[in-house]
Amino acid sequence: MVEKMESPAPTGNYERSNTFKVDTWFSQFRNGSNPWMARYVYGFMFLLANLMAWAVRDYGNSVLIEMNRLRGCDGAHDCLATEGVLRVSLGCFLFYFSMFLSTAGASKLNESRDTWQSGWWSAKIVLWIAFIIIPFLLPSAIIKLYGVVAHFGAGVFLLIQLISVISFITWVNDCCQSSKSERCQIHSMLIATAAYVVSLVGIIMMYIWYSPEPSCVINIFFITWTLVLLQLMTSVSLHPKVNAGILTPGLMGLYIVFICWFAIRSEPVAGNFCNRKAEASQHRDWLTVISFVIGVLAMVIATFSTGIDSKCFQKLQFKKDETESEDDVPYGYGFFHFVFATGAMYFAMLLIGWNTNHSMKKWTIDVGWTSTWVRIVNEWIAVCVYLWMLVAPIIWKSRQTTESIV
């Protein structure tokens, strides 16, 4: 009898898991009982905002011209396209930022903020539509101010995404090192070798495609410096005091080579004889459309995956890991919406080329010298953050040893 009294009825996540199995997706959506499904709804709403911003930029000129008679816009056609993107981005930002304010700090299931996160969809859809419409009623001065602020917000998003990627790479390396199985060690070595081979092949192909002549100094510098950074990360990782292996620098090498390629691809084609590969692709409309669709989907997926990765930032806090209970929320709601809010600023910058005075061609994304330099600086910051994560534990350990001796 005592044993039965000491064994309480299961609650929290257990009850919700049973509800997930019994209820259909539609009933879970209607009743707001599944926070995991809710994140896909928010991601779909974010995708709609991206497509809406693109449609306004490329095909909404006739509607925006009518607005120009009422509000005024310096720069006419190009300015209207840029402002249209920023207005949609502002509406998307306001929605997710309001969700961030209303869900930040939620820690337990079945509380009011958890219910608001997973339910009340009719109210949130109306709120989303209202926030999308309101920026189109604002004067151009406010939109231009938001365009300036969006540069910093997009930079915050890139930094969050960067930390998330490095945290994932470090997690993969820790899993391989913690396993004493020879099979796991062999797989780790094969993955690292393949990563280095692909990175070197990518660097060679970039030399062939994007620096056909010695006069392509800027592209040669970008590619060569990427190779130097790859060697630097490998040397630091293999240093006896660090001893982090070759898997993490290999995967990081893939990451920075990809960023370098993306940066060079962002260079404008007009008057740039060094970017012949991009110039050749301009003549194939289907490839341009496919590249644009992949770019938009990749942006949405990156925002979604970064938003649910709040635990990697909890590791940066100097606190001991607390044991999780069955009533804890499955992911950080506030962090999730904050990432989407900064992601709204990020997709605006991609669609206008990080320059409010820059005109973009149809079916293009993230093109312009400003975009190129943003990517290159992001690559350099990625290497600095990775090296700091390798060196920081050694520095802290040496300081603690010195203080204990003193």
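Parameters and conventions
Residues numbered from 1 in each chain as written. Predicted model: local features only at pLDDT ≥ 70, side-chain atom pairs only at ≥ 80, totals over all residues. Heavy atoms only, no water. Helix = DSSP H or I, 4+ residues; strand = E, 2+ residues; numbered from the N terminus. Contact = heavy atoms within 4.5 Å. Areas by Shrake-Rupley, 256 points an atom, 1.4 Å probe, with all protein chains shown as cover. pLDDT = per-residue confidence, 0-100. Phe/Tyr/Trp six-rings, centres within 6.5 Å; stacked < 30°, edge-to-face > 60°. Buried < 20%, exposed > 50% of the residue type's maximum accessible area, 1.4 Å probe, protein only. Salt bridge = Lys/Arg side-chain N within 4 Å of Asp/Glu carboxyl O. Core = buried A, V, L, I, M, F, W, Y, C linked by side-chain atoms within 4.5 Å. Expected span 1.5 Å × (residues − 1). Axes fitted to C-alpha atoms, helices over the stretch in contact; angles between N-to-C directions. Parallel < 35°, antiparallel > 145°, perpendicular 65-115°, else oblique. Left-handed = near helix turned anticlockwise from the far one by under 90°. Nonpolar A, V, L, I, M, F, W, Y, C, P; charged D, E, K, R; others polar.

A few points about the overall build of the protein chain
Consideration 1: Per the secondary structure count, the protein chain includes 17 helices and zero strands.
Consideration 2: Taking all contacts inside the protein chain whose residues are at least 6 apart in sequence as the whole, residues at least 24 apart take part in 78%.
Consideration 3: When the accessible surface of the protein chain is summed, it comes to about 21,800 Å², and 68% of that surface belongs to carbon and sulfur atoms.

A few points about the confidence of the model for the protein chain
Consideration 1: Mean pLDDT over the protein chain: 79, with 75% of residues reaching 70 or higher.
Consideration 2: At the low end of the mean pLDDT range in the protein chain sits helix H1 (residues 2-6), at 40; at the high end sits helix H11 (residues 217-237), at 94.
Consideration 3: Note on residues 17-22: pLDDT is under 50 here. Beyond four places in sequence and across chains, it has six contacts.
Consideration 4: Considering only residues more than four positions removed or in separate chains, one finds that residues 280-284, a stretch of pLDDT under 50, has five contacts.

Remarks on the environment of Met 349
Consideration 1: By the element assignment, Met 349 lies in helix H16 (residues 333-352).
Consideration 2: Sequence spacing of Met 349 and Gly 153 is 196 residues, and the spatial spacing of their C-alpha atoms is 9.8 Å.
Consideration 3: When sequence neighbours within four positions are dropped, the list of residues in contact with Met 349 reads Leu 86, Gly 147, Ala 150, His 151, Ala 154 and Trp 354.

Let's talk about the packing of aromatic side chains
Consideration 1: All chains considered together, the criterion is met by 25 aromatic pairs.
Consideration 2: Seen in terms of ring centroids, Tyr 96 and Phe 340 are 5.1 Å apart; in terms of plane orientation they differ by 25°. Their pairing is stacked. You can see Tyr 96 sitting in helix H6 (residues 76-103) and its partner Phe 340 sitting in helix H16, a full 244 residues away along the chain. Taken individually, Tyr 96 and Phe 340 each receive the classification buried, so the pair is uniform in this respect.

Looking at the pattern of salt bridges
Consideration 1: Scanning the entire structure with this criterion turns up three salt bridges.
Consideration 2: The partner of Glu 83 in a salt bridge is Arg 87, with the nearest N and O atoms 2.9 Å apart. One end of the pair, Glu 83, and the other, Arg 87, are both in helix H6, four residues apart, so they sit about a helical turn from each other.
Consideration 3: Overall, the relative accessible area of 6% leaves Glu 83 in the buried class.
Consideration 4: Linking Glu 111 and Arg 113 is a salt bridge whose minimum nitrogen-to-oxygen distance equals 3.1 Å.
Consideration 5: Its relative accessible area of 29% is what places Arg 113 among the partly exposed residues.

Let's talk about unusual backbone geometry
Consideration 1: Here the phi dihedral of Asn 243 falls at roughly 50°; this positive angle occurs in a residue that is not glycine.
Consideration 2: Checked against the element boundaries, Asn 243 lands in the loop between H11 and helix H12 (247-265).
Consideration 3: Given a relative accessible area of 61%, Asn 243 falls into the exposed group.

As for the nonpolar core
Consideration 1: Core analysis: the largest hydrophobic core is formed by 55 residues, its most contacted members being Tyr 42, Phe 46, Phe 95, Tyr 96, Tyr 346, Phe 347 and Met 349.
Consideration 2: Elements with a minimum of two residues in this core: helix H4 (35-59), H6, helix H8 (121-133), helix H9 (140-178), helix H14 (285-307) and H16.
Consideration 3: Broken down by element, this core gets its largest block of residues, 15 residues, from H16.
Consideration 4: Those residues in contact with Phe 347 that lie beyond four places of it in its chain are Phe 46, Ala 49, Asn 50, Ala 53, Ser 89, Cys 92 and Met 299.
Consideration 5: If you look at the next biggest cluster of nonpolar residues, it comprises 26 residues, including Ile 166, Val 172, Met 252 and Tyr 255.

Focus on the side chain of Ser 188
Consideration 1: Take Ser 188: it is sitting in helix H10 (residues 182-210).
Consideration 2: Its relative accessible area of 11% is what places Ser 188 among the buried residues.
Consideration 3: The contacts of Ser 188, once residues within four sequence positions are left out, are Cys 176 and Leu 247.

Considerations on H11
Consideration 1: The terminal C-alpha atoms of H11 lie 30 Å apart, and with 21 residues this matches the ideal 30 Å at 1.5 Å per residue to within 8%.
Consideration 2: For H11, the set of buried residues is Asn 219, Phe 222, Ile 223, Thr 226, Leu 229, Leu 230, Met 233, Thr 234, Val 236 and Ser 237.

Examining the packing of H9 against H16
Consideration 1: Running from N to C, H9 and H16 cross one another at 120°; their axes reach a closest spacing of 7 Å. By the angle between their directions, the pair H9 and H16 is classed as oblique. When the axes of H9 and H16 are compared, the crossing they make is left-handed. Along its contact with H9, which presents Tyr 146, Gly 147, Val 149, Ala 150, His 151, Gly 153, Ala 154, Val 156, Phe 157, Leu 158 and Ile 160, the element H16 presents Phe 335, Phe 338, Val 339, Thr 342, Gly 343, Ala 344, Met 345, Tyr 346 and Met 349.
Consideration 2: Residues that form the contact of H9 with H16 fall into these classes: 15 nonpolar, five polar and no charged.

Side note on the packing of H4 against H8
Consideration 1: In contact at an axis separation of 13 Å, H4 and H8 are set at 20° when each is read in the N-to-C sense. Judged on the interaxial angle alone, H8 and H4 are roughly parallel. Pair H4 / H8 crosses with right-handed handedness. Here Ala 38, Val 41, Tyr 42, Met 45, Leu 48, Ala 49 and Met 52 of H4 come into contact with H8, specifically with Trp 121, Lys 124, Trp 128 and Ile 132.

Examining the environment of Ser 107
Consideration 1: Topologically, Ser 107 is positioned in the loop between H6 and helix H7 (112-118).
Consideration 2: Judged by its relative accessible area of 36%, Ser 107 is partly exposed.
Consideration 3: With 225 residues separating them along the chain, Ser 107 and Gly 332 place their C-alpha atoms 7.8 Å apart.
Consideration 4: Other than its neighbours up to four places away in sequence, Ser 107 contacts Asp 327, Asp 328 and Val 329.

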